[in-house]
Amino acid sequence: MIIQVQSLLATEVEVTADLLRRLMQIHRKESLGQLSVDEEGNLFASIALLDDGCTKDALKAAVETLARFAREHAPTLVARWGGSLRADKENIAT
């Protein structure tokens, strides 16, 4: 079984070919996790873990990676392609 750990980073991001190209560039540099956007412009960070390898440490590393994605990538993507950061909308400290 695969466990998907996912976080909504931003909403209402303008989905364009340039945005999708930038997400692919980020994927090439990141060894763990991925960024994706749906047709409504919701930007997600996610990591897939195998059930048998999902230890407490692996889950902690996954959550820390998602938090890093939120800090390092979401603000830059929203600045360029619009939308709202989830942390801004919900007054969450990142």
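From a predicted model like this one, the values you see are computed outputs, not experimental measurements.

A. How the structure looks around helix H1 (residues 17-29). With 13 residues, H1 ought to run about 18 Å at 1.5 Å a step, and its terminal C-alpha atoms sit 19 Å apart, in line with that. Residues of H1 that are buried sit in contact with strand E2 (34-37), strand E3 (43-50) and helix H3 (74-81).

B. How the structure looks around the sheet that holds strand E1 (residues 2-11). In spatial order, the strands read E2-E3-E1-E4; together these four strands make up an open sheet with antiparallel pairing. In this open sheet, the two edge strands, each paired with only one partner strand, are E2 and strand E4 (84-85). Packed onto the sheet, H1 meets E2 and E3 and runs at close to 165° relative to E2.

C. Broad picture of the packing of H1 against H3. Axis separation between H1 and H3 bottoms out at 11 Å; the angle between their running directions is 160°. What the angle tells us is that H1 and H3 run roughly antiparallel. Of the two possible hands of crossing, H1 and H3 adopt the one that is right-handed. Along its contact with H1, which presents Asp-18, Leu-19, Arg-22, Leu-23 and Ile-26, the element H3 presents Leu-77, Arg-80 and Trp-81.

D. Fine view of the environment of Ala-48. Considering the arrangement of structural elements, one finds Ala-48 in strand E3. The contacts of Ala-48, once residues within four sequence positions are left out, are Ile-2, Ile-3 and Gln-4.

E. The pairing of E1, seen in detail. Note: E1 against E3, eight bridges, orientation antiparallel. Across the sheet, residue Ser-7 finds its bridge partner in E3, namely Ala-45. Bridging between E1 and E4 involves two bridges; their strand directions are antiparallel. Bridging from a neighbouring strand, Ala-10 pairs with Leu-85 of E4.

F. The arrangement of the pattern of salt bridges in detail. On inspection of all chains with the given rule, the structure shows four salt bridges. The residue Arg-80 makes a salt bridge to Asp-18 at a minimum N-O spacing of 3.7 Å. Residue Arg-80 is found in helix H3, and its partner Asp-18 is found in helix H1; the two are separated by 62 residues along the sequence. Three or more residues joined by partner-sharing salt bridges are found here, namely Asp-18, Arg-21 and Arg-80.

Cut-offs applied
- Residues numbered from 1 in each chain as written.
- Predicted model: local features only at pLDDT ≥ 70, side-chain atom pairs only at ≥ 80, totals over all residues.
- Heavy atoms only, no water.
- Helix = DSSP H or I, 4+ residues; strand = E, 2+ residues; numbered from the N terminus.
- Expected span 1.5 Å × (residues − 1).
- Contact = heavy atoms within 4.5 Å.
- Pairing = 2+ DSSP bridges.
- Axes fitted to C-alpha atoms, helices over the stretch in contact; angles between N-to-C directions.
- Parallel < 35°, antiparallel > 145°, perpendicular 65-115°, else oblique.
- Left-handed = near helix turned anticlockwise from the far one by under 90°.
- Salt bridge = Lys/Arg side-chain N within 4 Å of Asp/Glu carboxyl O.

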